[in-house]
Amino acid sequence: MKTIREMIAERQVEIGKGDLQLGHAAELLNELSALLGNINDEIRRADNKYAKILLEWLDIEKKANRAKIKSEITPEYEARQSARNTKELTLELIRSLKYYIKAKSDEYKVSGNM
């Protein structure tokens, strides 16, 4: 089974190839919008795991800045950042598709194809 990140990356490659048909661009937009909810769930889980790690380090270290630095080199922090980066990428792809769909729609209207 593919991860959410892999599914987003596949759509990114597809969008990057360019020359999408209007209908397919709309399908991709719907898929990315649906995946956004899954990404938000993943961020929530990753934030929770990271918070637990940070609390552990705060109990161990005497200084909060050291605890924060040590917690930021853990796999939990990396997962948290990866989830946030995936959301950012997805939002940019959604914006790009919306712009593309609007531009293509306007192009069709001007050329009289609609």
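Residues numbered from 1 in each chain as written. Predicted model: local features only at pLDDT ≥ 70, side-chain atom pairs only at ≥ 80, totals over all residues. Heavy atoms only, no water.

Caption draft 1: View of the overall build of the chain. When you go through the chain residue by residue, the secondary structure sums to 4 helices and 0 strands. For the chain, the N- to C-terminal ordering of α and β elements is α-α-α-α. Relative to its length of 114 residues, the chain is extended, with a C-alpha radius of gyration of 20 Å against a globular reference of 13 Å. Oriented by its inertia axes, the alpha-carbon framework of the chain measures out at about 70 × 30 × 20 Å. Each of the 114 residues in the chain was classed as buried or not, and the buried ones make up 27%. Taking the contacts inside the chain whose residues are at least 6 apart along the sequence as the reference set, 67% of them involve residues at least 24 apart. Charged side chains of the chain number 21 positive and 19 negative; the gap between the two group centres comes to 5 Å. (Helix = DSSP H or I, 4+ residues; strand = E, 2+ residues; numbered from the N terminus. Rg over C-alpha atoms; globule rule 2.2 N^0.38 Å. Buried < 20%, exposed > 50% of the residue type's maximum accessible area, 1.4 Å probe, protein only. Contact = heavy atoms within 4.5 Å. Lys, Arg positive; Asp, Glu negative; His and termini not counted. Charge placed at Lys NZ, Arg CZ, Asp CG, Glu CD.)

Caption draft 2: Local environment of the pattern of salt bridges. For the coordinates displayed, the defined rule picks out 11 salt bridges. Glu31 is paired through a salt bridge with Arg11; the nearest N and O atoms lie 2.7 Å apart. Taken together, the positions of Glu31 in helix H2 (residues 22-60) and Arg11 in helix H1 (residues 4-16) put the pair 20 residues apart, joining distant regions of the chain. Among the residues examined, Glu31 registers a relative accessible area of 32% and is labelled partly exposed. (Salt bridge = Lys/Arg side-chain N within 4 Å of Asp/Glu carboxyl O.)

Caption draft 3: Broad picture of the packing of H1 against H2. Between H1 and H2, whose axes approach to 11 Å, the crossing angle comes to 155°. When the axis of H1 is compared with that of H2, the two are roughly antiparallel. For the crossing formed where H1 meets H2, the hand is left-handed. Seen from H1, the contacting residues are Ile4, Met7, Ile8, Arg11, Glu14 and Ile15; seen from H2, they are His24, Leu28, Glu31, Leu32, Leu35, Asn38 and Ile39. Taken together, the residues of the contact of H1 with H2 break down into 8 nonpolar, 2 polar and 3 charged. (Axes fitted to C-alpha atoms, helices over the stretch in contact; angles between N-to-C directions. Parallel < 35°, antiparallel > 145°, perpendicular 65-115°, else oblique. Left-handed = near helix turned anticlockwise from the far one by under 90°. Nonpolar A, V, L, I, M, F, W, Y, C, P; charged D, E, K, R; others polar.)

Caption draft 4: Examining the layout of surface pockets more closely. When its volume is computed, the largest pocket comes out at roughly 170 Å³. Taken together, Thr3, Ile4, Arg5, Ile39, Glu42, Glu78, Ala79, Ser82, Ala83 and Thr86 form the lining of the largest pocket. Put simply, the parts of the chain that give the lining of the largest pocket at least two residues each are H1, H2 and helix H4 (75-111). When residues of the lining of the largest pocket are assigned to their parent elements, the largest contribution, 5 residues, is made by H4. Per-class residue counts for the lining of the largest pocket are 4 nonpolar, 3 polar and 3 charged. (1 Å grid on protein atoms, 1.4 Å probe; cavity = no way out; pocket = protein on both sides within 12 Å on 5 of 7 lines; lining within 4 Å. Points joined across faces, edges and corners; volume = space filled by probe spheres on them.)

By themselves, these figures tell us nothing about what the structure is for.
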